[in-house]
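# Chain and residue survey
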Amino acid sequence: MDVIEVDERDSTWEDPRPRFRVYVQRPDGDVFATETTDLLEADVLQAVDWAQRRAAEHEGALWSIALVSDDRRGLRGLTWLVGSDANDPPEDDLDVDRRARMRARRADPVVVPIEDRAPADS
């Protein structure tokens with residue numbers, strides 16, 4: 001991880017309503033069966049909570065979260081926030097580390113405070 005101090009005034013826009021894409025991926029032979037869900041009207045902690053609870057419903061499932069956005073051409077893309085697509089082969093040591101941390105979160109989930117948890121009915 002690199003840490004770089006910046007001037008907070010260098011951004012020109014904000015999005016108060018992000019769209020998160022959650023991948024829940026279950027082992028299926030040599031690949032992962034993938035369930036994708038977009039979460040709206042949530043913050044990243046609620047997305048983490050929802051992803052963890054959903055993945056816990058499936059034996060051996062991994063989960064990851066991406067920020068969904070469209071570029072100026074209107075093409076949709078993802079910025080990975082937690083983990084990555086488990087079906088993408090690792091390209092470097094960073095990818096190998098990311099996958100190991102995804103597996104570790106199955107046994108040692110992220111602690112999300114009660115106030116930040118996703119609503120139970122979602």
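Above: the structure in question.
Overview of the structure. (Residues numbered from 1 in each chain as written. Predicted model: local features only at pLDDT ≥ 70, side-chain atom pairs only at ≥ 80, totals over all residues. Heavy atoms only, no water.)

## So, the side chain of Arg99
Position of Arg99 relative to the elements: it lies in helix H2 (residues 93–107). Of the side chains bearing the opposite charge, Asp85 lies closest to the buried Arg99, which forms no salt bridge; the N-O distance is 6.5 Å. Polar contacts involving the side chain of Arg99 include one to the main-chain carbonyl oxygen of Asp88, which spans 2.7 Å. In this structure, Arg99 is in contact with Leu62, Asp85, Ala86, Asp88 and Pro90, ignoring residues within four places of it in sequence. (Helix = DSSP H or I, 4+ residues; strand = E, 2+ residues; numbered from the N terminus. Buried < 20%, exposed > 50% of the residue type's maximum accessible area, 1.4 Å probe, protein only. Lys, Arg positive; Asp, Glu negative; His and termini not counted. Salt bridge = Lys/Arg side-chain N within 4 Å of Asp/Glu carboxyl O. Polar contact = N/O pair within 3.5 Å; in protein donor to acceptor, adjacent residues only side chain to side chain. Contact = heavy atoms within 4.5 Å.)

## Some details on H2
In this model H2 runs 22 Å from its N-terminal to its C-terminal C-alpha over 15 residues, within 8% of the 21 Å that 1.5 Å per residue would give. Along H2, the residues classified as buried are Arg99, Met102 and Arg105. Each buried residue of H2 lies within a common arc of 115° when the element is viewed along its axis, so the set occupies one face. Looking at H2, the residues exposed on the side facing more than 90 degrees away from the buried face are Asp93 and Ala107. For H2, the N-terminal cap is Asp92; the gap from its side-chain oxygen to the backbone nitrogen of Leu94 is 3.1 Å. (Expected span 1.5 Å × (residues − 1). Arc of directions from axis to C-beta.)

## So, unusual backbone geometry
Phi is positive for Glu41, which is not a glycine, with a value near 60°. Looking at the element boundaries, Glu41 is found in the loop between strand E2 (31–39) and helix H1 (44–55).

## Observations regarding the pairing of E2
Inspection of the sheet shows strand E1 (residues 19–28) paired to E2 by 9 bridges, in the antiparallel sense. Note on E2: the bridge partner recorded for Val24 is Glu35. Between E1 and E2, which follow one another and run antiparallel, lie 2 residues, and Gly29 among them has a positive phi close to 70°. (Pairing = 2+ DSSP bridges.)

## Brief notes about the pairing of strand E4 (residues 76–82)
Examined bridge by bridge, strand E3 (residues 62–70) and E4 share 6 bridges and lie antiparallel to one another. Paired with Val68 across the bridge in E4 is Leu78. The antiparallel pairing of E3 with E4 creates a hairpin that spans 5 residues between the two strands, and Gly74 there sits at a positive phi of about 85°.

## So, the pattern of salt bridges
If charged atoms from side chains of opposite charge come close, those side chains can pair. Within this structure, the stated rule accounts for 11 salt bridges. Measuring nitrogen to oxygen at the nearest pair gives 3.1 Å for the salt bridge that ties Arg53 to Asp49. Here Arg53 and its partner Asp49 are both found in helix H1, 4 residues apart, which amounts to about one turn of the helix. The network of salt bridges with common partners includes Arg19, Arg21 and Asp38.

## Re the side chain of Gln52
Here Gln52 lies in helix H1. Judged by its relative accessible area of 12%, Gln52 is buried. Dropping the residues within four chain positions of it, Gln52 is found in contact with Trp63, Pro109, Val110 and Val112.

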